[in-house]
Amino acid sequence: LNNAAVVVCGAGSEVVKSTREKYDSREANLQLAKLPRNKRALTSVGADLISISFTADTRCNLLFYFVGLSGKVGNPRPRKREVGSFTSGVEDDAGTQYDWRTITHPFQVVLEVVGVIPFVIWALNYDHYWRTRTIGLNITTSQVKVALEPNDLHTVFLHFDDFTDPKSPLTEWFCWLQKRHLEKLQLSDYQKSLYCENYARSKGVKYEENFNEGAHKLTLSQMRDLEKKMTRQEIIFLRCKAMKKRWRIPKENQEFVDFLGTSRSSIVEEGNNRLPSSNSIPLYQRQYSSPLEALTCLVRESNSFLSPIIAVNFYISSLDLIIPNDECSTKSIPSIISVMAVSSEFKASNPLFSDKYDLPREYITMNFSVCGLVWNIGDNGAEDIELSRFRNGSFVGLAYMCDCDDSTVNDVVTLDFRTTLYPSQDPVQTFSVNLEFCNVALILNPLPLLSSLNVLLALFGLPFRPVTETTRNLARKMSNVVEDASETNDYITHIRTDIQIRINDVSVLFMIDREQIYRGVLDFSISEVGINCRTDGLSGKLSILPQTLELCAAQVSRHQPNLRDGILLWKLMPLKPILTIDGARIDAIAVPETESSEPIMKRLQIDTKIGAESFAFNASPSAVVALIGIANSLEVLRRSNNSDAEETVHAQLERRK
């Protein structure tokens with residue numbers, strides 16, 4: 001496919017925000033629905049070339065190759081009406097012109113879908129070995145550049161939210177249509193009993209339950225018509241119900257024995273005539289009324305879409321996040337966050353078919369790593385602002401990599417996420433997170449940092465639909481949900497977390513003069529900090545154990561101009577450390593109260609302990625002068641907070657008027 005694109009037309013973020021501020025929720029939806037086409041924004045996702053092929057090996061994986069994949073947003077230009085012209089009530093959108101802004105610059109993507117043949121076999125027929133298959137997706141991209149423009153990204157979010165939000169009119173209509181279709185296909189109890197009787201008769205078996213000699217006999221075509229209105233699980237359930245006195249599972253069936261062992265379930269005595277349930281919850285430590293009921297559960301779980309192993313891997317050679325100018329500020333400074341060699345591996349499996357019987361089962365794993373991180377200041381838009389520069393003329397950024405002597409340190413950010421489950425009637429889930437951040441120098445450059453934070457805060461202000469329900473109504477609904485859940489077979493899993501964060505060889509550099517970095521910096525070095533957090537339900541413990549923390553005077557010696565290297569070197573001055581903290585420790589323990597009058601929320605008692613073995617401060621004149629210089633350079637942050645507060649108060653007064 002050459003020059004292919006998908007265009008979504010809808011209201012822009014600015015129009016949506018202004019409309020929802022003027023009108024209530026219902027009236028705002030009506031106004032947005034009546035918005036003419038020539039006043040709506042466009043979201044375009046296209047590529048210069050899309051190639052679809054299959055690998056030539058026995059696996060026959062599906063390949064998608066995108067060349068020049070990009071995304072952009074177009075906002076309609078205001079139309080100028082000519083003097084003396086006459087326009088009708090219907091506005092023509094044929095001559096509408098748009099101002100296009102690029103969201104993602106063109107890049108190349110290769111998608112490899114693994115397990116196409118097993119998926120086709122499972123979709124068209126029954127695959128007995130479906131749970132042993134592997135369905136995967138491998139994504140590899142070239143350099144990706146994304147512009148973090150808040151209004152444009154909000155427009156993209158709104159356009160795709162119309163198709164994904166459960167409360168959107170389109171999704172609600174589709175769900176209503178699907179519900180009506182399922183209600184139309186749903187069989188009555190008489191039809192289910194009739195199907196069981198005729199299926200047992202076709203196999204030469206007498207159906208003993210509510211058997212009626214004069215029951216209507218169905219032909220083979222009529223039986224198939226009834227099966228078309230049922231799912232696979234319903235067909236298996238009714239057939240097992242009809243043949244429960246005849247069908248026998250051989251004892252040498254190792255697959256069935258392994259299923260009972262991995263699910264830690266058993267079969268009750270034959271005298272129990274309790275009918276099986278088509279939707280069995282929970283799956284672990286369950287007592288089945290008959291072997292056929294366990295067989296129904298085995299077939300249903302082994303044939304579900306999530307039974308096989310699902311693996312997703314992606315690799316991005318470099319990712320550039322472009323933070324544009326802040327339109328609300330006169331002193332706006334663009335910046336670029338460059339992340340090199342981003343890779344991730346995700347793997348999920350069904351814990352029901354694990355080899356472990358009584359031990360916790362690991363069923364979701366994810367590894368994420370970043371090889372390099374650089375946060376530079378953009379060359380365009382910052383010439384009129386007095387900022388510090390390096391000797392090569394480039395602006396001083398916000399984050400660089402350190403020249404680490406340890407050759408074993410390769411990744412700047414490493415994340416290891418694992419989810420385990422202990423099989424029981426109330427499964428206990430444990431989330432383990434290991435995060436490591438190392439070999440980075442952060443420069444506290446106030447003006448670029450303030451400008452970037454304003455843009456990022458505006459980016460996270462997503463235009464969600466306004467909430468019209470009060471907190472009391474929400475609490476009443478939550479209490480009703482809890483009461484309904486206690487009456488049904490639904491269960492809530494017990495959750496535990498184990499979070500470990502390691503910060504190694506990270507330095508925070510404070511500029512004494514925000515316009516001249518070579519006048520000196522203060523290096524707040526963090527050699528190693530361990531943060532451990534473990535929770536069990538509502539109780540938990542948080543421990544922060546840093547090693548020796550020092551604040552020393554330093555001098556920048558060299559800056560690598562290459563953006564991909566982004567290495568910053570500095571040397572410590574032969575002076576005593578300004579600040580030294582040894583043996584610091586922070587502990588916080590949260591314990592829920594056993595007696596609480598609240599039906600849902602419980603009160604927590606949190607005990608916090610903060611201490612250190614030694615604390616030394618060097619009050620020399622040079623140290624005091626350096627600290628005063630840092631305080632003066634950070635004065636702009638305090639001024640910005642005061643100005644934001646004044647603007648907020650002014651806006652509130654205007655609204656009251």
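Here is what the cut-offs are and how they apply
Residues numbered from 1 in each chain as written. Predicted model: local features only at pLDDT ≥ 70, side-chain atom pairs only at ≥ 80, totals over all residues. Heavy atoms only, no water. Pairing = 2+ DSSP bridges. Helix = DSSP H or I, 4+ residues; strand = E, 2+ residues; numbered from the N terminus. Expected span 1.5 Å × (residues − 1). Buried < 20%, exposed > 50% of the residue type's maximum accessible area, 1.4 Å probe, protein only. Contact = heavy atoms within 4.5 Å. Axes fitted to C-alpha atoms, helices over the stretch in contact; angles between N-to-C directions. Parallel < 35°, antiparallel > 145°, perpendicular 65-115°, else oblique. Nonpolar A, V, L, I, M, F, W, Y, C, P; charged D, E, K, R; others polar. Salt bridge = Lys/Arg side-chain N within 4 Å of Asp/Glu carboxyl O. Left-handed = near helix turned anticlockwise from the far one by under 90°. Patch = residues over 30% accessible without salt bridge, like charges linked within 9 Å, V, L, I, M, F, W, Y side chains within 5 Å. Areas by Shrake-Rupley, 256 points an atom, 1.4 Å probe, with all protein chains shown as cover. Core = buried A, V, L, I, M, F, W, Y, C linked by side-chain atoms within 4.5 Å. Polar contact = N/O pair within 3.5 Å; in protein donor to acceptor, adjacent residues only side chain to side chain. Phe/Tyr/Trp six-rings, centres within 6.5 Å; stacked < 30°, edge-to-face > 60°. Lys NZ or Arg CZ within 6 Å of the ring centre and 35° of its normal.

**Points about the pairing of strand β5 (residues 134–141)**
In step 1: Pairing of strand β4 (residues 98–114) with β5, which is carried by six bridges, proceeds in the antiparallel orientation. By the bridge assignment, Val110 is partnered in β5 with Thr140.
In step 2: When β5 meets strand β9 (residues 309–323), the two strands line up parallel, connected through eight bridges. Bridging across to β9, Asn138 finds its partner in Asn313.

**A closer look at helix α6 (residues 189–202)**
In step 1: For α6, built from 14 residues, the straight-helix expectation of 20 Å at 1.5 Å per residue is met to within 8% by its first-to-last C-alpha distance of 20 Å.
In step 2: Turning to α6, its buried residues are Leu194, Tyr195, Cys196, Glu197, Asn198, Tyr199 and Ala200.
In step 3: In this structure, the buried side of α6 is in contact with α7 (220–228) and α8 (232–242).
In step 4: A positive phi of about 75 degrees marks Gly204, the residue just after α6.

**A short note on the environment of Val428**
In step 1: Following the sequence through the fold, Val428 ends up in strand β14 (residues 428–444).
In step 2: As a C-alpha pair, Val428 and Asp536 span 108 residues in sequence and 9.9 Å in three-dimensional space.
In step 3: Dropping the residues within four chain positions of it, Val428 is found in contact with Thr420, Leu421, Tyr422, His494 and Arg496.

**A few points about the packing of helix α9 (residues 254–262) against helix α10 (residues 291–302)**
In step 1: Running from N to C, α9 and α10 cross one another at 85 degrees; their axes reach a closest spacing of 11 Å. Considering their axes alone, α9 and α10 lie roughly perpendicular with respect to each other. Contacts from Phe256, Phe259 and Leu260 of α9 reach α10 at Pro291, Ala294, Leu295, Cys297 and Leu298.
In step 2: Class assignment for the residues of the contact of α9 with α10 results in eight nonpolar, no polar and no charged.

**Focus: the pattern of salt bridges**
In step 1: Tallied over the entire structure, the rule returns 15 salt bridges.
In step 2: In this structure, Arg286 engages Glu293 in a salt bridge whose closest nitrogen and oxygen atoms are separated by 2.2 Å.
In step 3: Among the residues examined, Arg286 registers a relative accessible area of 12% and is labelled buried.

**Thoughts on the packing of α8 against α10**
In step 1: Close contact between α8 and α10 brings their axes to 10 Å; oriented N to C, the two are set at 165 degrees. Relative to α10, α8 is oriented roughly antiparallel. Read as a crossing pair, α8 and α10 show a hand that is right-handed. The residues of α10 that touch α8, namely those facing Gln233, Ile236, Phe237 and Cys240, are Leu292, Thr296, Val299 and Arg300.

**Section: a nonpolar patch on the surface**
In step 1: A cluster of nonpolar side chains, contributed by Phe119, Val120, Leu124, Phe305 and Leu306, occupies part of the molecular surface with about 520 Å² of accessible area.
In step 2: As for its position among the elements, Leu124 is in helix α3 (residues 116–124).
In step 3: Overall, Leu124 belongs to the exposed group, its relative accessible area being 71%.

**Topic: the nonpolar core**
Across soluble globular proteins, nonpolar side chains have a tendency to be buried as a group.
In step 1: If you look at the biggest cluster of nonpolar residues, it comprises 28 residues, and the most contacted ones within it are Ile323 and Val339.
In step 2: For this core, the leading source of residues is helix α11 (residues 446–460), giving four residues.
In step 3: Those residues in contact with Val339 that sit more than four places away from it in its chain are Ser318, Leu319, Val370, Gly372 and Leu373.
In step 4: Within the second largest apolar cluster, 17 residues are counted, among which are Ala200, Ile235, Leu238 and Ala242.

**Concerning unusual backbone geometry**
In step 1: Residue Cys60 is not a glycine yet carries a positive backbone phi of 55 degrees.
In step 2: Relative to the elements of secondary structure, Cys60 occurs in the loop between β2 (41–54) and β3 (62–76).
In step 3: The backbone phi angle of Gln285 is positive, close to 50 degrees, even though this residue is not glycine.
In step 4: Locating Gln285 in the fold gives a position in the loop between β7 (266–267) and β8 (287–288).

**Digging into the side chain of Thr419**
In step 1: Residue position: Thr419 is located in strand β13 (residues 413–422).
In step 2: If we skip the residues at most four places from it in the chain, Thr419 touches Arg361, Glu362, Tyr363, Ile364, Thr430 and Phe431.

**Side note on the environment of Trp570**
In step 1: Mapped onto the fold, Trp570 is located in strand β19 (residues 568–572).
In step 2: Linking Trp570 and Ala554, residues 16 residues apart in sequence, is a C-alpha distance of 6.5 Å.
In step 3: A polar side-chain atom of Trp570 sits 3.2 Å from a polar atom in the side chain of Asp523.

**Here we look at the packing of aromatic side chains**
In step 1: Enumeration according to the criterion identifies nine aromatic pairs in this entry.
In step 2: Here the aromatic rings of Phe119 and Phe305 are separated by 6.4 Å at their centres, their planes lie at 85 degrees, and the arrangement is edge-to-face. Note that Phe119 is positioned in helix α3 and Phe305 in the loop between α10 and β9, a separation of 186 residues in sequence.
In step 3: Between Phe417 and Phe431, the ring centres sit 6.2 Å apart and the planes meet at 25 degrees, which makes this aromatic pair stacked. One end of the pair, Phe417, is in strand β13; the other, Phe431, is in strand β14, and 14 residues separate them in sequence.
In step 4: According to the relative accessible area criterion, Phe417 is partly exposed, its value standing at 23%.
In step 5: We classify Phe431 as partly exposed; its relative accessible area is 23%.
In step 6: Counting every residue linked through ring pairs, the aromatic cluster contains Phe119, Trp122, Trp130 and Phe305.
In step 7: Over the ring of Trp100 we find Lys72; its NZ or CZ atom is 4.9 Å from the centre of that ring.
In step 8: The ring of Tyr518 is capped by Arg391, whose NZ or CZ atom sits 4.0 Å from the centre of that ring.

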